[in-house]
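Reading the structure
Listed here are the chains, written in short residue letters.
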Amino acid sequence: MGFLDALLGRRKPVRPDLDRLFALPSAAITLQAGAGFRPTGTGSVCFAAAEGGAFDRIEADVRGILPSAEFSEDGYGYTWVRSRHRPEELPGLVGDLHAVNSALEGGGFGPQLLCSLVGFRDADGDRPLALVYLYKRGTFYPFAPLPGAGERRDNPLELQVRGLLEGDLPVEPDLSRWFPVWGAPGL
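My aim in this report is to walk through the structure given alongside it, one point at a time.

Let's shift gears to the overall build of the protein chain. The secondary structure content of the protein chain amounts to five helices and six strands. Secondary structure elements of the protein chain occur, N-terminal to C-terminal, as α-α-β-α-β-β-α-β-β-β-α. The C-alpha atoms of the protein chain give 17 Å as radius of gyration, which agrees with the globular expectation for 187 residues (16 Å, within 12%). Considering only C-alpha atoms, the protein chain reaches an extent of 50 × 45 × 30 Å along its principal axes. Here the protein chain, with 187 residues, has 41% of them falling under the buried criterion. Of the contacts made within the protein chain by residues no fewer than 6 positions apart, 66% connect residues no fewer than 24 positions apart. Summed over its atoms, the accessible surface of the protein chain is roughly 9500 Å², and 53% of this surface lies on carbon and sulfur atoms.

This is the structure:
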């Protein structure tokens, strides 16, 4: 990074660190103790799919690693790979998400990786919450859709969760990057 970059406020992009996903089980304990949210046992990885044989091989590799992986496409054309475990098996779920991300990155599809998420619910099972990992930023943010309110978010809950988890996870400081992931598998 040069003098002009520093003067203009430009920063080097953060290198993705997939190992940050392994901080989720300890963050889940903090989240449960501080806000009453528990893991659902579901999570997913989102990426921009590419056409061709190379991508077909990666999809086959992912299915080889996770035979139960569920592939779907959202309304924006992004591909999601969903994994399911029992709620108490969060470390296994995180391992699955890490394996999918690593397979895509190792296959040359790192630039197409967008995010990974892990789903949570409150004690009553009424309020959904996701912890979203932004691949290109190396940070997490909470996403809390309001149940039955269309595409509206529970912003106070998201800010509460940010405050709870800042010591456990690298939380994305730029709120404009807390993108909604409406209808994401695993939420």
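The biggest cluster of nonpolar side chains holds 36 residues, and the ones touching the most others in it are Leu24, Leu31, Leu104, Phe120 and Leu131. Listed by contribution, the elements that provide at least two residues to this core are helix 2 (24–35), strand 1 (38–47), helix 3 (53–65), helix 4 (90–109), strand 4 (113–121), strand 5 (128–134) and helix 5 (155–165). At eight residues, helix 4 tops the list of elements feeding residues into this core. In this structure, Leu24 is in contact with Leu90, Val94, Val118, Leu131, Phe140 and Leu169, ignoring residues within four places of it in sequence. Among the nonpolar cores identified, the runner-up in size contains 13 residues, and Cys115, Ala130, Tyr141 and Val181 belong to it.

What follows concerns the packing of aromatic side chains. Taken as a whole, this structure holds three aromatic pairs when the rule is applied. Judged by centre distance (5.0 Å) and plane angle (55°), the rings of Tyr133 and Phe140 are tilted.

Attention shifts here to the pairing of strand 3 (residues 79–84). For strand 3, a buried count of five out of six residues is recorded, marking the element as mostly surrounded by other parts of the structure. Note: strand 1 against strand 3, six bridges, orientation antiparallel. Of the residues in strand 3, the one forming a bridge with Phe47 is Thr79. Pairing of strand 2 (residues 70–73) with strand 3 involves four bridges; the strand directions are antiparallel. Bridge pairing links Glu73 to Thr79 in strand 3. What sits between strand 2 and strand 3 in their antiparallel hairpin is a turn of five residues, with Gly77 showing a positive phi close to 90°.

So, how was this worked out
Residues numbered from 1 in each chain as written. Predicted model: local features only at pLDDT ≥ 70, side-chain atom pairs only at ≥ 80, totals over all residues. Heavy atoms only, no water. Helix = DSSP H or I, 4+ residues; strand = E, 2+ residues; numbered from the N terminus. Rg over C-alpha atoms; globule rule 2.2 N^0.38 Å. Buried < 20%, exposed > 50% of the residue type's maximum accessible area, 1.4 Å probe, protein only. Contact = heavy atoms within 4.5 Å. Areas by Shrake-Rupley, 256 points an atom, 1.4 Å probe, with all protein chains shown as cover. Core = buried A, V, L, I, M, F, W, Y, C linked by side-chain atoms within 4.5 Å. Phe/Tyr/Trp six-rings, centres within 6.5 Å; stacked < 30°, edge-to-face > 60°. Pairing = 2+ DSSP bridges.

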